[in-house]
Amino acid sequence: MIKVIKNHGKTVHAYRLGEDSEKIQQLIKEKKIIPLPNDKFEVKSSETLSSQSEHGEIAKAGDFIKVDSDGNPYPNGAEWFYRNHRHLAGDEYEQLPQTLDAWTCNEKMCREIEFLIQHKGLVINEQEEADYFVAPLWGTTETAAKDAVIVFYGITYTENGEIMDVEFNFVKRTEFDKTYISRNKKSKKIMRFYCEF
């Protein structure tokens with residue numbers, strides 16, 4: 001496991017689903033967000049576009065949308081978003097960085113990844129480069145390349161130290177390198193190391 005943190009003091013733009021927003025309307029016109037019944041939305045994130053699934057991530061009214069460096073939207077659950085952002089003005093928010101755990105394929109197997117495999121449907125395809133990681137996330141199946149990073153947004157343990165639940169997502173390497181830094185005592189280069197194919 002690696003300790004990582006999002007870049008300090010970063011200002012981001014975010015848009016609340018279900019509210020009137022030019023950006024949301026633009027993404028709907030581009031078919032990157034598809035309104036569904038019952039105040040739900042299908043969000044065509046980079047991870048779902050690169051997967052074999054034809055479906056995007058499922059978010060609901062009240063959740064927030066951010067846009068990655070490739071121009072693709074991705075959802076943030078409302079509760080998590082409010083806990084990790086401070087509103088500045090309009091659609092601008094300051095990220096409140098927290099140290100998170102992360103894992104790459106060059107790390108040793110850990111019990112958190114074993115938990116994801118046993119209980120959260122994570123599959124590691126060692127023979128596949130483009131679809132190395134596969135998991136059911138946000139109501140669809142997402143895949144990520146071998147150089148992607150699994151970021152843990154929350155790990156719940158019992159009093160005995162057993163894992164009860166894990167919140168996680170895949171982060172594309174290019175996006176990870178732009179938005180995260182290592183908190184390890186070792187050199188930051190640890191986060192730049194790519195798995196050998």
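To be clear, the structure that these remarks concern was listed above.
In this text, all values refer to a predicted model and were calculated from it rather than measured experimentally.

The backbone nitrogen of Lys 23 lies 3.3 Å from a side-chain oxygen of the residue at the head of helix 1 (residues 22–29), namely Ser 21. Following helix 1 by one or two positions, Lys 31 adopts a phi angle in the positive range, close to 60°.

Moving on: helix 4 (residues 111–119). When helix 4 is considered as a whole, its buried residues turn out to be Glu 112, Ile 113, Phe 115 and Leu 116. The buried residues of helix 4 all sit within an arc of 155° when viewed along its axis, so they share a single face. Elements in contact with the buried residues of helix 4: strand 11 (100–103), strand 12 (123–124), strand 15 (149–157) and strand 16 (163–171).

In summary, the side chains of a regular strand alternate between the two faces of the sheet. Where strand 4 (residues 33–36) lies against strand 5 (residues 40–43), 4 bridges are found, and the strand directions are antiparallel. Its bridge partner being in strand 5, Leu 36 is matched across the sheet by Lys 40. Taking the residues that link successive antiparallel strands as the turn, the strand 4-strand 5 hairpin has 3 residues, and the phi of Asn 38 there is positive, at about 60°.

Let's shift gears to unusual backbone geometry. Despite not being glycine, Lys 31 shows a phi value in the positive range, around 60°. Of note, Lys 31 is situated in the loop between helix 1 and strand 4. Judged by relative accessible area, which is 62%, Lys 31 ranks as exposed. Here Asp 39, not a glycine, exhibits a phi torsion of approximately 55°, which is positive. One can find Asp 39 in the loop between strand 4 and strand 5.

Taken together, 3 strands build an open sheet; the order of strands is 12-13-14 and the sheet is antiparallel. The open sheet has two edge strands, strand 12 and strand 14 (140–144), and neither has a second partner. For strand 13 (residues 133–137) and strand 14, the ladder comprises 5 bridges, and the chain directions are antiparallel. Looking at strand 14, one finds that Ala 135 is bridged to Glu 142.

For strand 5 and strand 6 (residues 57–60), the ladder comprises 4 bridges, and the chain directions are antiparallel. Pairing of Val 43 across the sheet is with Glu 57, part of strand 6.

As enumerated under the stated definition, the model contains 11 aromatic pairs in all. Centroid distance Trp 80 to Tyr 153: 5.6 Å. Interplanar angle 75°. Geometry classified as edge-to-face. Here the residue Trp 80 occupies a position in helix 3 (residues 78–84), and Tyr 153 occupies one in strand 15, the gap between them amounting to 73 residues. Judged by its relative accessible area of 19%, Trp 80 is buried. Measuring from centroid to centroid gives 4.9 Å for Phe 81 and Tyr 93, while their planes differ by 80°, and the two rings are edge-to-face. Placement of the pair is Phe 81 in helix 3 and Tyr 93 in strand 10 (residues 92–95), with a sequence separation of 12 residues. The same class applies to Phe 81 and to Tyr 93, which are both buried.

Parameters at a glance
The numbers attached to residues start from 1 for each chain and follow its sequence in the written order. Residue-level local features of this predicted model are given only where pLDDT is at least 70; pairs of side-chain atoms are given and counted only at 80 or more, and the full residue set underlies all totals for whole chains, interfaces and linings. The basis for the side-chain values is all heavy atoms of the structure; hydrogens and waters are excluded. Under the rule applied, a polar contact is a pair of N or O atoms within 3.5 Å (in protein, one hydrogen donor and one hydrogen acceptor; residues adjacent in sequence only if both atoms are side-chain atoms). Secondary structure counts use DSSP, requiring at least four H or I residues in a row for a helix and at least two E residues in a row for a strand, with both numbered from the N terminus. The buried label applies to any residue whose accessible area, calculated with a 1.4 Å probe on protein chains only, is under 20% of its type's maximum; exposed applies above 50%, and partly exposed to all values in between. In this description, one arc is meant: the one made by directions from the helix axis to the C-beta atoms. Contacts between residues were defined by any pair of non-hydrogen atoms, one from each residue, lying within 4.5 Å. When DSSP finds at least two bridges between two strands, those strands are taken to pair. What counts as a ring pair is set by centres within 6.5 Å for rings of Phe, Tyr and Trp (its six-membered ring), and what kind of pair is set by the plane angle: stacked under 30 degrees, edge-to-face over 60, tilted for all other angles.

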